[in-house]
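Here is what each chain is made of, one letter per residue.
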Amino acid sequence: MQSDRSKPVRVVIVGGGTAGWMTAAGLVRLLASADYDLTLIESDEIGTVGVGEATLPHIKTFNDLLGINEAQFMRDTKATFKLGIEFVGWDRPGDRYIHPFGTFGEPWAGVDFQHHWARAMLAGEDVGPLFDHSYACAAAARAAFEFPNEDPRSIRSTYAYAYHFDAGLYANFLRGWATERGVSRIEGKIVDVHRDGNSGHVDRLTLASGATIEGDIFIDCSGFRSLLLGQTMGIAWEDWREWLPCDQAMAMPTTRTEPLIPYTRATAQRGGWTWRIGLQHRTGNGMVFSSAYCSEDEARETLMRAVDGSPLAEPRVLRFGAGRRLKGWEGNVIGIGLAGGFLEPLESTSIFLIQAAVVDLANLMPTRGGIDRRLADEFNRLYQVHYDRTRDFLVLHYCANRREGEPLWDHVRNMRLPDSLAHKIALFEACAAAPDYKYGLFSRDSWLAVLVGQGILPRGYNRLADRLPADDLVARLRDLKGRIRANVDAMTDHAGFIANYCAASTAGASLESAA
Amino acid sequence: MSPPLCRRVVVVGRDAALWLSANVIRAALGPSGVEVSAVELPSLLTDADLYATLPPLEALHNQLRIDEAALLRSVKGVFTLGQNFADAGGARQPFLHAYGAYGTAIDGQDFFAYWLKARGLGLRVGLEDFSLTASAARQGRLLIPNDETEKYGRSDYGYHLPAAAYVRSLRGLAAQDGVAIRAAERIAVLLGDAGVAAIVADGARIEADLFIDATGEGLLIDALGVARESWADTFPGDRILVASAPEFASIPAYAEIRAHERGWTGLYPSLGQTHVVQVTASSLCPDEEALQAAAATGGLPLTGITLRRLDPGMRASAWAGNVVAIGGAVAAFDRLHNIDLLGVQTGLIGLLAFYPAASDFSAERSEYNRLMRSSYERLRDFQALHYRINDYGGSFWARARQGDVSPELAHRIALFQARGEIAPYEDESFAPDSWRAFFVGHGIVPDTYLPAIDRTAPDAMKARFRHMLGFVKEQVLRQPTHDSYLQTMVRRGHG
């Protein structure tokens, strides 16, 4: 790396999919233009995977950070709102639950809600499922949408939302946004990567045109190829297929159907699971499956049976494996997106993992003084926290199932779990305590939703809840459900809200990506 | 509602760990049908002993419905806004670890990075001058928070509580709340299948579903064979001196910790006396020299001197069988940052969160042990920082610089040196501002600062700095002095 402090640091982003353009946009927003030159290289010859069309509420923080106008962004990406994910058949065929973006109930007497719910349930009170105490679940079930209320005393403040959007259009949107603000875009295919003989750092890329691009920092957003982090720097892959055996996906868009539901649906199938994501102009569908338990033909048949609109394209097959690289940052190369790790789109985590890496990288970005190993160490520590915690959460969806007699599901039910996950499940069963860590996905309420949704029920609860008199508890639970119902009944329906707020123009259909 | 399995709780121990445990468990779990009794061993406290406390204790007191003014009146306690770390040798400038925020965010980013940048550009104003709490402390004032100051940043405080009086007060509360109390000169521990079957207190056999070991030395947890890990390789001191000195004419709003060649001497004011605590290393400083050093460093006549062994370390598990160790029985801290009662509080809050819910409580126990280990290790790291990065003169401090550090602390030091940021870890008790107060106080200058703050225009940054300094000055001048506040709030009670 150069040590000339008079020149800006040259940051080269390799790859222009969602990861590349989120990185470019995040860095151009967070770093001073006098200090950093940002260049992104992308090739029209190389398709992008277009990771996930569903997101988590954190994306709003990212867009707000960029100062993006929400309605404009939703029009441009043909987006809809998302209040959670519905899981169908994950515990047993036919069962369903929603993992909501929001809290369950309210803390009373200084004790988290689920303990009050568990107390009433264990006392034999007719309290109904945990999910009846979530505002987001109730709104989703009615296909309703409105913005959350900012007054923390209101029950309407107890949820958040994310989006379903066309990831290709989002990358296009960010490309426009970032290039307007000074990110240079170079079209070209990389044919050679040159490393400095002394430091081992990447210092130059050669394009098919013969042009060379020099840089101080290289951000690998090249997708599964992991051109720089994996191929050039040789950072090994940690394979998680032991716990997450799905290794293929088949994606296929269909026409929009009504009602326009404000949540993603993930339906367990014999050899994997299918997704359904309703956008303004079409429905995204796909099947994630394990090649060990399900053939491509079976997957295609399952997917065709699962969709509810008319197909708009042939199914497209993707191959992958769950895992992450041992490090996200080596030398002067940082891998973001699929170049760094992959987790199936079950909980819409791909875009969050990109976002977290971009924010961490902005905070730990090398300055003109050169590469600093200590900053890389911190990036790698945070990267591992993010991936590992997300992995445990995903594995929970699989291991806690009662789909007996289906080989894939029998396998994941009986596999040895990561110790960190086994401990979390045992603790919840014993005393209704859900994981509540400060750093990394997911929140306590998310864990609660999936633990309870997968049929795991607590045997006990935190006895501090007993400070609330028993009669008072029953009355409060009834009152809570009443407030949720009354407020949700007054909400606008999702399709109507979209039509008023951010309807995509039909002319824009020509911009549609080839997802 | 069925009663919980562990209905009968017996707390065995002494002093604050005993009475805080008994009171907290009684108040929190009494409504569930838990019965708490206490077996009280002889106190180890003298009149010179003091509990210097950290901000979280106030919330625990609130839960126990302890009235602050009444407590301070009855125990002759005072407020403290932090600790001033001074070099008796005079080489290093003193610095305050204030219990409040340093500066306020600019454009959504932590103030500290801006201060680093400004200092690099020649700013001469210290970090402390941006802290309401530190500035108030320096001027002998308190900082009573209001909406404006809360918006600026956190302003917390702790107490200096004369220990024997505080323990009497907690004991009175326990008795009043229906905790059955039995005093005992000594106990024997009888083991059973599930851990401790019973204890024998002065001949009387006492059984319980759950025992709390608040004995300090860990008489119950030790009987279960739970190993103890020593932190002697991290902390240089193994000898502690406690003494009493005359009251200051004007009561400072902070404690003063003076580093000298043989260790450190702390002066903690209360009403009626100044409590003196000194930590030295016995292999580097014989007891007579320790006595001389305490008198010389404090510059005050000392009475009621006691010398004790200081042995920081932690049990392999806080909870074994049916015994939960609280306080010194599980983790004994160095004396430097007044962690002792915070350790007790951390243990109790964790126990309330994972109190056995059913007959098989192995999951709760294992989570509690994980949480306590992690929390106590982070507290240990916070203490170790001051020793590791010091540049004071003398053999004690040279040894301190060689002390062991955990990988987490080593990484935190490295990241601060590189960028001025505090690596976030789970189960951390101290805010980044507390960590930074020590790094900055010891003169560590990071190589770089957060690049994102360069987005703020230099003029805007300067204007915000001026505004902050003006705000701090104005707010602090409005605050009551510690003396006048004590006069109206505390001394009034004595007529």
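Residues numbered from 1 in each chain as written. Chains lettered and ligands numbered in written order. Predicted model: local features only at pLDDT ≥ 70, side-chain atom pairs only at ≥ 80, totals over all residues.

Asker: Describe the overall build of chain A, and please don't skip the residues or the numbers.
Answerer: Counting its secondary structure elements, chain A contains 15 helices and 21 strands. The globule rule puts the C-alpha radius of gyration for 515 residues at 24 Å, and the 23 Å found for chain A is close to it. With respect to the three principal axes, the spread of C-alpha positions in chain A is 75 × 50 × 50 Å. Looking at chain A as a whole, 53% of its 515 residues are labelled buried. (Helix = DSSP H or I, 4+ residues; strand = E, 2+ residues; numbered from the N terminus. Rg over C-alpha atoms; globule rule 2.2 N^0.38 Å. Buried ≥ 20, exposed ≤ 12 C-beta atoms within 10 Å, placed from the backbone.)

Asker: How would you sum up the domain arrangement of chain B? Please name residues and give values.
Answerer: Residues and elements named next belong to chain B. Examined at the domain level, chain B breaks down into domain 1 (8-79 + 161-231 + 313-372), domain 2 (101-141 + 379-477) and domain 3 (239-309). Spacing between the C-alpha centres of domain 1 and domain 3 amounts to 28 Å. Of the residues lining the interface, 12 residues belong to domain 1; the matching set on domain 3 comes to 17 residues. For the side of domain 1 that touches domain 3, the elements supplying multiple residues, two or more each, are strand S3 (50-52) and strand S4 (78-80). Residues belonging to the side of domain 1 that touches domain 3 are distributed by class as follows: 6 nonpolar, 2 polar and 4 charged. (Domains from an automatic or database assignment. Contact = placed C-beta atoms within 7 Å. Nonpolar A, V, L, I, M, F, W, Y, C, P; charged D, E, K, R; others polar.)

Asker: Kindly report on the sheet that holds strand S7 (residues 184-187) of chain A, identifying the contributing residues and their values.
Answerer: Residue and element names in this part refer to chain A. The strand order across the open sheet built from 6 strands is S7-S2-S1-S11-S20-S19, with neighbouring strands paired in mixed fashion. Bordering the open sheet on either side are S7 and strand S19 (329-330), each of which pairs with just one other strand. Where S19 lies against strand S20 (residues 333-335), 2 bridges are found, and the strand directions are antiparallel. The partner of Glu-330 across the bridge, within S20, is Val-333. Strands in contact with helix H1 (residues 18-30) are strand S1 (9-14), strand S2 (36-42) and strand S11 (217-220); relative to S2, the strand with the most contacts, it is inclined by about 165°. (Pairing = 2+ DSSP bridges. Axes fitted to C-alpha atoms, helices over the stretch in contact; angles between N-to-C directions.)

Asker: Explain the packing of helix H3 (residues 68-75) of chain B against helix H7 (residues 163-176) of chain B residue by residue, including any values.
Answerer: Residues and elements named next belong to chain B. Between H3 and H7, the shortest axis-to-axis distance is 9 Å and the interhelical angle comes to 130°. When the axis of H3 is compared with that of H7, the two are oblique. In terms of crossing hand, the pair formed by H3 and H7 is right-handed. Contacts between H3 and H7 involve Leu-71, Ser-74 and Val-75 from the first element and Ala-165, Tyr-166 and Ser-169 from the second. Looking at side-chain class alone, the contact of H3 with H7 contains 4 nonpolar, 2 polar and no charged residues. (Parallel < 35°, antiparallel > 145°, perpendicular 65-115°, else oblique. Left-handed = near helix turned anticlockwise from the far one by under 90°.)

Asker: Please set out the sheet that holds strand S20 (residues 319-320) of chain B residue by residue, giving values where relevant.
Answerer: All names here are of chain B. Taken together, 6 strands build an open sheet; the order of strands is S8-S2-S1-S12-S21-S20 and the sheet is mixed. A single partner strand is all that each edge strand has here, and the edge strands are strand S8 (180-183) and S20. Examined bridge by bridge, strand S1 (residues 8-13) and strand S2 (residues 35-40) share 6 bridges and lie parallel to one another. Note that in S2 the partner of Val-12 across the bridge is Val-39.

Asker: Describe the interface of chain B and chain A, and please don't skip the residues or the numbers.
Answerer: Each partner contributes to the interface: chain B provides 33 residues, whereas chain A provides 34 residues. Every element with two or more residues in the side of chain B that touches chain A is listed here: helix H1 (15-29), helix H10 (340-353), helix H11 (362-388) and helix H13 (407-419) of chain B. Per-element accounting of the side of chain B that touches chain A gives the leading share, 5 residues, to H13 of chain B. Classifying every residue of the side of chain B that touches chain A gives 21 nonpolar, 4 polar and 8 charged.

Asker: Before we move on, can you summarise the environment of Pro-94 of chain B with the specific residues and values?
Answerer: Residues and elements named next belong to chain B. Its place among the elements puts Pro-94 in the loop between strand S5 (82-87) and strand S6 (95-98). Measuring from C-alpha to C-alpha, the distance between Pro-94 and Ile-257 comes to 9.4 Å, with 163 residues separating the pair along the chain. Beyond its immediate sequence surroundings of up to four residues, Pro-94 is in contact with Asn-84, Phe-85 and Ala-86.

Asker: Tell me about the pairing of S1 of chain B, and name the residues and values.
Answerer: Residue and element names in this part refer to chain B. Where burial is concerned, most of S1 is hidden: 5 out of the 6 residues are buried. Crossover S1 to S2 through H1 is right-handed. Where S1 meets strand S12 (residues 210-214), 5 bridges bridge the pair, whose relative direction is parallel. Among the inter-strand pairings, Val-12 is bridged to a residue of S12, identified as Asp-213. (Right-handed = clockwise from strand over helix to strand, strands pointing away.)

Asker: Could you give an account of the confidence of the model for chain A, naming the residues involved and the relevant values?
Answerer: Taken over all residues, the pLDDT of chain A has a mean of 94, while the share at 70 or more is 96%. In the predicted structure, residues 507-515 of chain A sits below a pLDDT of 50 and forms 13 contacts with residues beyond four places in sequence or in another chain. (pLDDT = per-residue confidence, 0-100.)

Asker: Tell me about the domain arrangement of chain A, and name the residues and values.
Answerer: All names here are of chain A. Looking at chain A, the domain boundaries give domain 1 (9-53 + 166-240 + 323-371), domain 2 (83-162 + 392-494) and domain 3 (248-319). Just the C-alpha atoms count here: the centres of domain 1 and domain 3 sit 29 Å apart. Tallying the contact residues gives 7 residues for domain 1 and 8 residues for domain 3. Of the residues that constitute the side of domain 1 that touches domain 3, the class distribution is 3 nonpolar, 1 polar and 3 charged.

Asker: If you had to explain unusual backbone geometry to someone new, which residues and values would you point to?
Answerer: Working note: non-glycine residues mostly have negative phi, and peptide bonds are mostly trans. Following Glu-258 of chain A, the chain continues into Pro-259 of chain A via a peptide bond in cis, with omega recorded as -10°. Mapped onto the elements of the fold, Pro-259 of chain A is located in the loop between strand S13 (248-255) and strand S14 (264-269). Here the residue pair Leu-441 of chain A and Phe-442 of chain A is connected by a cis peptide bond, since its omega of 0° sits within 30 degrees of zero. Positionally, Phe-442 of chain A belongs in the loop between helix H12 (419-431) and helix H13 (444-453). Here the phi dihedral of Ala-432 of chain A falls at roughly 65°; this positive angle occurs in a residue that is not glycine. For Ala-432 of chain A, the position within the fold is in the loop between H12 and H13. Its 27 C-beta neighbours within 10 Å are what place Ala-432 of chain A among the buried residues. A positive phi angle, near 60°, is found at Lys-76 of chain B, a position not held by glycine. On the secondary structure map, Lys-76 of chain B appears in the loop between H3 and S4.

Asker: Got a sec to walk through the confidence of the model for chain B? Specific residues and values, please.
Answerer: This prediction gives chain B a mean pLDDT of 96; 98% of its residues lie at or above 70. Under the prediction, the complex receives an ipTM of 0.95, its pTM being 0.96.

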